[in-house]
Amino acid sequence: MGKGYRGTVTDFPGFDANGDAETLYNAMKGMGSDKETILDLVSSRSNAQRQEIAVAYKSLYGKDLIGDLKYELTGKFERLIVCLMRPPAYHDAKEIRDAIKGVGTNEKCLIEILASRTNKQIHDMAAAYKDAYGSDMEADTVGDTSGHFKKMLVVLLQGTRDESGVVNADLVGEDSRELYAAGEEQWGTDEASFIMLLGNRSIYHLRMVFDEYQQLTEKSIEDSIKSELSGDFERLMLAVVQCIRSVPMFFAKRLYKAMKGLGTADNTLIRIMISRSELDMLDIRECFRLQYEKSLYNMIKDDTSGVYKRTLLQLCGGDDDIAGEFFPEAAQIAYKMWEISATTKMQLRGTIRPASGFDPNSDAKALRKAMKGFGTDEDTIIEILANRSNAQRQEIRQAFKSTLGRDLMADLKSELSKNLGRLILGLVMTPAEFDAKMMKKAMEGVGTDEHGLIEILITRSNQEIQAMNTAFQDAFKKNLEDAITSDTSGHFRQILVSLAQGARDEGPADINGAMADAQELAEACNEDSSDMEMKFMSILCTRSFPHLRRVFQEFVKCSNKDIELIVKKEMSGDFKNALLGLVRSVKNQPSYLADRLYKAMKGLGTDDRALIRIMVSRSEIDLFNIRKEFKDTHDVSLHEFIQGDTSGDYRKALLLLCGGED
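Residues numbered from 1 in each chain as written. Predicted model: local features only at pLDDT ≥ 70, side-chain atom pairs only at ≥ 80, totals over all residues. Heavy atoms only, no water.

(A) Region of the structure containing the overall build of the protein. Scanning the protein from terminus to terminus reveals 40 helices and zero strands. Its C-alpha atoms give the protein a radius of gyration of 28 Å, within 12% of the compact-globule value 26 Å for 662 residues. Projected onto its principal axes, the C-alpha coordinates of the protein cover approximately 95 × 65 × 60 Å. Long-range contacts, defined as pairs at least 24 residues apart, comprise 74% of the intrachain contacts of the protein with a sequence gap of at least 6. As displayed, the protein offers around 28400 Å² of accessible surface, 48% of which is attributable to carbon and sulfur atoms. (Helix = DSSP H or I, 4+ residues; strand = E, 2+ residues; numbered from the N terminus. Rg over C-alpha atoms; globule rule 2.2 N^0.38 Å. Contact = heavy atoms within 4.5 Å. Areas by Shrake-Rupley, 256 points an atom, 1.4 Å probe, with all protein chains shown as cover.)

See below:
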């Protein structure tokens, strides 16, 4: 990150502790209190100045300022102002105390604080805890946690991480190999190695270890942690890694999760805004806009209200949406993100595998029995078809015809209805048949499901698109390109037709070519909108995904901007949605599809077509990865979301495809 002061709250010029104490006293005396005066004064003074005000207040009036503030104020505003008045170490100590006292433990709070603080901050916090509560912070924390999670917390509580900044090149290779041997290379995980290395080595050293680890395993350290660890221990280790990579990015993500969706995690919001306001809030703001294409200022503005909102906005310090482009620090983070993305091969995992001991004739007979006579045995149908691979389902389909003389698809269609029927029929089709059917459904009737067309065409390989073209022609006696052409228009039509060719380059990144493409895209940003759109389309629709990841990285480097933000800002309509989807799919396809699933189920009503389409088409490809991205982004598992948003046999089948609870 950038050097120098990166906070939003600084010492107030012309500071007068006695004058401020008198102002606060007058704002609280009599009936009611002048909240505006309190928030303006407290939020515009540094913490050191607030401590001087508290001393002056007691000297002048013989009263405790925090006690008076607690008496006069209420709710979230009271908590925010009172927390601002505490010294940073005492504020952290209070948060730790609140996280472990009473019934249950707030593990997320423990993780956030202990993963992100420096050695000095941890030592000061421990001393403040002892002073405030008369007990040992480590002993209290240990008594309230367990297992490897507890062990890593104990390591972090020592505050002994190497902060010298010296990196031993030989030790980098040794540590990366030790992490590999402790996890990916063996059956089971040697958690002690992860704890020792991630809890003690310097930040600069570990960043190099992570790069070396990726070269060695073709997998990011984050992906290894997700696959090797679990529960609170996994969340703690991921937080440590995120803080090693970028503390401001870690807090940007925490702030977003605190405000997204229904309800606000106000304690988290307050804790972060206060603790980072004099350290790195400017960097957090930049990272927030980089990650979410929205300023932290505007998200706070939309998610809070009243004097509470006004105080938070004061701490935020400004609206980055006005600036229109990244500050250098955020561009550096973006560049590093794309360097990681461009060099890491994600190991994709489905949730459905071929069933062992498979007998297509036996399954065909069981399915026929489940549909014969009065009533239908949906449980048997779901149990068989949701637990077989697609290749096995095709064998069952053939056996059903050859041994029983019946069409499995036709029988299922007559026996099942609504969403369960659509889901089961989708499972029995070949992937190409299913994609062709979904494309047809997206274009038929009144209105077009543009998002469905986009999703299919940007997430399929050349081979899958070509197979879909053939299946579309066979099923509907019409060319897919002609169908797209007759149902869409303008540049949106052009981008869909281009994608429907299935002719994207599928080779590795060409570094020199990526630099040239990035420069061409940067120059296109200065052209008129039509020329700009055509230039973006010509590159984004034809280059391989690994190559485009490198292009995005180089684009940040040469323009100080993120490609996604440019598309969002400069383009419009369905064409914008298509390019945005494509960019997000290039960056992280499981994350893009996780977001599509979330949007299909959040709010009132469910987009069952999108839900079925993704669950069926990705179940043997990357649904496990999608599940992980869903949980990381939304703090709720895909399993839980499906369970809460669907019902009956339809839900049962979806949960089998989901493959488990994260």
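(B) The arrangement of the pattern of salt bridges in detail. Considering all chains together, one arrives at 41 salt bridges under this definition. Of the charged contacts, one joins aspartate 302 and lysine 294 as a salt bridge, the two residues approaching to 2.9 Å between their closest N and O atoms. On the basis of relative accessibility, which here comes to 29%, the residue lysine 294 falls in the partly exposed class. The salt bridge involving glutamate 620 is made with arginine 393; its shortest N-O contact spans 4.0 Å. Taken as a pair, glutamate 620 in the loop between helix H37 (608-618) and helix H38 (623-634) and arginine 393 in helix H24 (residues 390-404) lie far apart in primary sequence, 227 residues in all. The exposure class of arginine 393 is buried, given its relative accessible area of 2%. (Salt bridge = Lys/Arg side-chain N within 4 Å of Asp/Glu carboxyl O. Buried < 20%, exposed > 50% of the residue type's maximum accessible area, 1.4 Å probe, protein only.)

(C) Structural context of the side chain of glutamine 49. Secondary-structure assignment places glutamine 49 in helix H3 (residues 47-61). When neighbours within four sequence positions are excluded, glutamine 49 is seen to be in contact with Thr10, Asp11, Phe12 and Phe15.

(D) Fine view of H3. For H3, spanning 15 residues, the distance from its first C-alpha to its last is 21 Å, which sits close to the expected 21 Å at 1.5 Å a residue. Every buried residue belonging to H3 is among Asn47, Gln49, Arg50, Ile53, Ala56 and Tyr57, and all of these are buried. Down the axis of H3, the buried side of the element spans an arc of 165°, and every buried residue falls inside it. Seen from the open side of H3, the exposed residues pointing more than 90 degrees away from its buried face are Val55 and Ser59. In this structure, the buried residues of H3 make contact with helix H1 (17-28), helix H2 (35-43), helix H4 (65-72), helix H5 (75-85) and helix H6 (88-100). The positive-phi residue at the C-terminal boundary of H3 is glycine 62, with phi of around 65°. (Expected span 1.5 Å × (residues − 1). Arc of directions from axis to C-beta.)

(E) Looking closely at the nonpolar core. One finds Leu412, Met439, Ile495, Phe536 and Met615 to be the most contacted residues of the largest nonpolar core, which totals 99 residues. The leading source of residues in this core is helix H36 (residues 573-601), at 13 residues. Those residues in contact with methionine 615 that lie beyond four places of it in its chain are Leu597, Leu623, Leu638, Ile642, Leu654, Leu657 and Cys658. Membership of the second largest hydrophobic core comes to 95 residues, among which are Val82, Ile122, Leu157 and Ala252. (Core = buried A, V, L, I, M, F, W, Y, C linked by side-chain atoms within 4.5 Å.)

(F) Molecular detail of the packing of helix H7 (residues 107-116) against helix H16 (residues 247-259). Close contact between H7 and H16 brings their axes to 11 Å; oriented N to C, the two are set at 160°. The pairing of H7 with H16 is recorded here as roughly antiparallel in orientation. Here H7 runs over H16; the crossing is left-handed. Here Lys108, Glu112 and Ser116 of H7 come into contact with H16, specifically with Phe250, Phe251 and Arg254. (Axes fitted to C-alpha atoms, helices over the stretch in contact; angles between N-to-C directions. Parallel < 35°, antiparallel > 145°, perpendicular 65-115°, else oblique. Left-handed = near helix turned anticlockwise from the far one by under 90°.)

(G) Looking closely at the state of the cysteines. Across all of its chains, the model carries zero disulfides by this definition. There is no disulfide at cysteine 525, and the cysteine sulfur nearest it, in cysteine 558, is 8.8 Å away. You can call cysteine 525 partly exposed: its relative accessible area is 23%. Left without a disulfide partner, cysteine 541 is nearest to the cysteine sulfur of cysteine 525, which lies 16 Å away. Exposure remark for cysteine 541: the relative accessible area of 4% places this residue in the buried category. (Disulfide = S-S within 2.5 Å.)

(H) Structural context of the packing of aromatic side chains. One pass over the structure, following the stated rule, counts twelve aromatic pairs. On the numbers, 5.2 Å between centres and 65° between planes, the contact of phenylalanine 250 with phenylalanine 251 is edge-to-face. Feature note: the residues Tyr25, Tyr57 and Tyr61 constitute an aromatic cluster, connected by ring pairs. Above the plane of the ring of phenylalanine 12 lies arginine 45, whose end atom (NZ or CZ) is 3.7 Å from the centre. Positioned above the aromatic ring of phenylalanine 624, the side-chain terminus of arginine 349 is 3.7 Å from the ring centre. (Phe/Tyr/Trp six-rings, centres within 6.5 Å; stacked < 30°, edge-to-face > 60°. Lys NZ or Arg CZ within 6 Å of the ring centre and 35° of its normal.)

(I) Quick look at the environment of phenylalanine 624. Within the secondary structure, phenylalanine 624 is located in helix H38. Spatially, the C-alpha atoms of phenylalanine 624 and glutamate 506 are 24 Å apart, while their sequence positions differ by 118 residues. Those residues in contact with phenylalanine 624 that sit more than four places away from it in its chain are Arg349, Gly350 and Thr351.

(J) Fine view of H1. Taking 1.5 Å per residue as the helical rise, H1 with its twelve residues ought to reach 16 Å, and the 17 Å between its terminal C-alpha atoms agrees with that figure. Restricting attention to buried positions, one finds in H1 the residues Ala17, Asp20, Ala21, Leu24, Ala27 and Met28. Angularly, the buried residues of H1 cover 125° about the axis, an arc narrow enough to put them on a single face. At its buried positions, H1 is contacted by H2, H3 and H4. A distance of 3.2 Å separates the backbone nitrogen of asparagine 18 from a side-chain oxygen at the start of H1, and that oxygen is part of aspartate 16. Positive backbone phi, at 80°, marks glycine 30, one or two positions downstream of H1. (Polar contact = N/O pair within 3.5 Å; in protein donor to acceptor, adjacent residues only side chain to side chain.)

(K) Main features of unusual backbone geometry. For lysine 418, which is not glycine, the phi dihedral falls at a positive 55°. Structurally, the position occupied by lysine 418 is in helix H26 (residues 418-428). For lysine 418, a relative accessible area of 67% puts it in the exposed group. Unusually for a residue other than glycine, lysine 477 sits at a positive phi of about 55°. Looking at where lysine 477 falls in the secondary structure, it is placed in the loop between helix H29 (462-476) and helix H30 (480-487). Residue class for lysine 477 comes out exposed when judged on its relative accessible area of 66%.

(L) Representation of the side chain of aspartate 562. In this structure, aspartate 562 sits in the loop between helix H34 (545-559) and helix H35 (563-570). Judged by relative accessible area, which is 1%, aspartate 562 ranks as buried. Here lysine 587 takes part through its side chain, which lies 3.3 Å from a polar atom of the side chain of aspartate 562.

(M) Spatial organisation of the environment of alanine 500. The residue alanine 500 is located in the loop between helix H31 (490-499) and helix H32 (511-524) in this model. On a C-alpha basis, the gap between alanine 500 and asparagine 469 in space is 7.9 Å, while along the polypeptide they are 31 residues apart. Not counting residues up to four positions away in its chain, the partners in contact with alanine 500 are Leu457, Ile465, Asn469 and Ile484.

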